[in-house]
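# Remarks on the overall topology
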Amino acid sequence: LIDHLQTNLPASSRRIILFSPEFDLKNYLLYIVHYLLLLGGFRPINFGMNVDAEELSTLNHDWPDTSVLTYLTNDHEPADLQNKILTLEKAFHPLPVTIIIHPPLRYNFKMMGTARIFQVILAFMEKHF
């Protein structure tokens with residue numbers, strides 16, 4: 001189904017780099033997000049799970065009109081989560097970064113960067129679809 005949707009996208013569809021950072025190992029969530037992005041008319045480029053953001057950081061030069069979306073799923077301490085978000089922002093600057101946080105990670109933390117944070121996938125979907 002994903003392959004069928006992807007082959008029928010218009011060439012003008014907006015690209016989104018999709019991946020899970022290192023140590024976030026729930027691949028099925030990436031496939032769900034990938035599918036939902038396709039339904040929304042986006043062109044996700046799925047790099048998979050357990051990806052070092054620094055390895056993808058050169059894509060901001062190759063695809064300047066692209067967005068980045070990642071899904072954090074493992075347990076993180078608030079300070080670790082804040083550092084991970086800032087690292088992602090720096091790696092992909094100036095591309096817009098969107099982060100969906102799995103529900104078990106829900107807690108208040110202070111955002112200092114420019115990443116758009118969604119505490120659950122439903123909030124992301126409501127905003128974009």
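Attention here is on the structure that accompanies the text. Each chain carries its own residue numbering, running from 1 in the direction its sequence is written. Restriction of local features to residues with pLDDT of at least 70 applies here, the model being predicted, together with a cutoff of 80 or more for giving and counting side-chain atom pairs; totals for whole chains, interfaces and linings are based on all residues. Excluding hydrogens and water, the side-chain values take into account all heavy atoms of the structure.

### Let's talk about the pairing of strand 3 (residues 67-72)
Consecutive residues of a regular strand have side chains that alternate between opposite faces of the sheet. Note on exposure labels: buried denotes an accessible area under 20% of the residue type's maximum, exposed denotes more than 50%, and partly exposed covers the range between, all computed with a 1.4 Å probe on protein chains only. A helix here means a DSSP run of H or I that spans at least four residues, while a strand means a run of E at least two residues long, and both kinds are numbered starting from the N terminus. Buried residues dominate strand 3, accounting for six of its six residues. Going residue by residue along strand 3, you find Ser67, Leu69 and Tyr71 tucked away on one face and Val68, Thr70 and Leu72 tucked away on the opposite face as well. Should DSSP find at least two bridges between two strands, the strands are taken to pair. The sheet contact formed by strand 3 and strand 4 (residues 97-101) spans five bridges and is parallel. Within the sheet, the bridge partner assigned to Tyr71 lies in strand 4 and is Ile100.

### A closer look at the pattern of salt bridges
The term salt bridge refers to a pairing of a side-chain nitrogen on Lys or Arg with a carboxyl oxygen on Asp or Glu at a separation within 4 Å. Within the structure shown, the criterion is met by one salt bridge. Asp65 is the partner of Arg15 in a salt bridge, and the nearest nitrogen-oxygen pair spans 3.1 Å. One end of the pair, Arg15, is in strand 1 (residues 15-21); the other, Asp65, is in the loop between helix 4 (59-62) and strand 3, with 50 residues separating them in the sequence.

### Observations regarding the nonpolar core
In this structure, Ile17, Phe19, Leu56, Val68, Phe92 and Ile99 are the most contacted members of the largest nonpolar core, which totals 18 residues. Of all the secondary structure elements, the ones that give two or more residues to this core are strand 1, helix 3 (53-56), strand 3, helix 5 (78-92) and strand 4. Among the elements that make up this core, the one with the highest residue count is helix 5 (five residues). Contact between two residues is taken to exist if any of their heavy atoms lie within 4.5 Å; hydrogens are not considered. Once you skip the residues sitting within four places of it in the chain, Leu56 turns out to touch Ile17, Phe19, Phe47, Val51 and Phe92. Residues Leu18, Phe42, Ile100 and Met125 belong to the second largest nonpolar core, which totals 13 residues. Joining through side-chain atoms within 4.5 Å is the link that ties buried Ala, Val, Leu, Ile, Met, Phe, Trp, Tyr and Cys residues into a set, and such a set is a nonpolar core.

### Describing the sheet that holds strand 1
Strands sit in the order 2-1-3-4-5 across an open sheet of five strands; the sheet is parallel. Only two strands of the sheet have a single partner each, and these edge strands are strand 2 (43-51) and strand 5 (116-118). With strand direction ignored, the average angle separating the axes of adjacent strands in the sheet is 20 degrees. Both strand 1 and strand 3 contribute to a ladder of four bridges, which runs parallel. The partner of Ile17 across the bridge, within strand 3, is Val68. Only C-alpha atoms enter the line fits that serve as axes; for helices the fit covers just the stretch in contact. Angles between N-to-C directions range over 0 to 180 degrees. On the sheet, helix 2 (residues 27-39) packs against strand 1, strand 2, strand 3 and strand 4 and is oriented at approximately 170 degrees with respect to strand 2. Strand contacts of helix 6 (residues 121-128): strand 3, strand 4 and strand 5, with the helix running at about 125 degrees to strand 5, the strand carrying the most contacts.

Keep in mind these numbers describe shape, not what the thing actually does.
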